[in-house]
Amino acid sequence: MFHGYGSNEEDLFSFASELPEELYVISVKAPYDLEPFGHAWYAINFDAEYGKWSDDEQAKTSRDKIVAFIDEACNAYNLDTENVTLLGFSQGTILSYSVALSFPEKIKNVVALSGYINEKILIEEYQEKNHSALNIYASHGQVDQVIPLEWAQKTPAFLNQLGIKHTYEEFPIGHGVSQQNFYSFQDWLKQHI
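Residues numbered from 1 in each chain as written. Predicted model: local features only at pLDDT ≥ 70, side-chain atom pairs only at ≥ 80, totals over all residues. Heavy atoms only, no water.

Here we come to the pattern of salt bridges. Summed over all chains, the structure comprises 4 salt bridges. A salt bridge links E57 to K60; the shortest N-O distance between them is 3.2 Å. One end of the pair, E57, and the other, K60, are both in helix α2 (residues 56-76), 3 residues apart, so they sit about a helical turn from each other. (Salt bridge = Lys/Arg side-chain N within 4 Å of Asp/Glu carboxyl O. Helix = DSSP H or I, 4+ residues; strand = E, 2+ residues; numbered from the N terminus.)

Before going further, it helps to examine the packing of aromatic side chains. Here the structure, examined in full by the defined rule, presents 10 aromatic pairs. With centroids separated by 5.5 Å and ring planes inclined at 65°, the aromatic side chains of F2 and W41 adopt a geometry described as edge-to-face. Of this pair, F2 sits in the segment before α1 (10-13) while W41 sits in the loop between β2 (39-40) and β3 (44-47); the two residues are 39 residues apart in sequence, bridging distant segments of the chain. W41 sits in the buried class, given a relative accessible area of 2%. Pairing Y24 with Y77 gives two aromatic rings, centres 5.1 Å apart and planes at 35°, and the pair type is tilted. Of this pair, Y24 sits in the loop between α1 and β1 (32-33) while Y77 sits in the loop between α2 and β5 (85-89), and the two are 53 residues apart along the sequence. A residue is classified by how much of its surface remains accessible, and Y24, at 48% relative accessible area, is partly exposed. For Y77, a relative accessible area of 46% translates into the label partly exposed. Through successive ring pairs, a cluster of aromatic residues spans F15, Y137, F182, Y183, F185 and W188. (Phe/Tyr/Trp six-rings, centres within 6.5 Å; stacked < 30°, edge-to-face > 60°. Buried < 20%, exposed > 50% of the residue type's maximum accessible area, 1.4 Å probe, protein only.)

Attention now moves to α2. Between its first and last C-alpha, α2 extends 30 Å over 21 residues, near the 30 Å set by a 1.5 Å rise per residue. Among all positions in α2, only D56, A59, S62, R63, I66, V67, I70, A73 and C74 are buried. In an axial view of α2, the angular spread of the buried residues amounts to 145°, which keeps them on one side of the axis. In α2, those exposed residues whose orientation departs by more than 90 degrees from the buried face are E57, E72, N75 and A76. (Expected span 1.5 Å × (residues − 1). Arc of directions from axis to C-beta.)

Note that every value here comes from positions in space, so none of it alone points to a role or purpose.
Next comes the structure, spelled out in structure tokens:
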């Protein structure tokens, strides 16, 4: 599990008790501390001249840290390396997409909540990879005030180009996960683990 900007590892872990029992759930804290509290996978800068922009180099560093962490966790807890699922929210989703699309041999499923695909933080040869075993569940709030719905709506076409099996849903909420959204991805997970 990979939380959003300004949050921490406890945020998404509240879902853990409601997920399928056979899953071994690990919730990860992002590496960059924010003031006065919270954590981020990469900096988001707010600039009067350029508007809001993301530090893509920091994001790539976090992507690589996550890949290394997956290997270490699978080794440390004797987990099935053929059955790794990433669940992200917002910035955690952006990183989950980056890991899965860049290294599809390491990931089976992605639950992508309230995020989008940032092509700038994918490895250069990602199109050459075999994505046929990857499954993605993506959802977004129709009135998301943080990440525009239009950004998320590009996801199905992007995944279709790579031949990735996916489900894409929208819910009448803002930047969050509604109960209906939770039950939907919970059902999807049960079918894909």
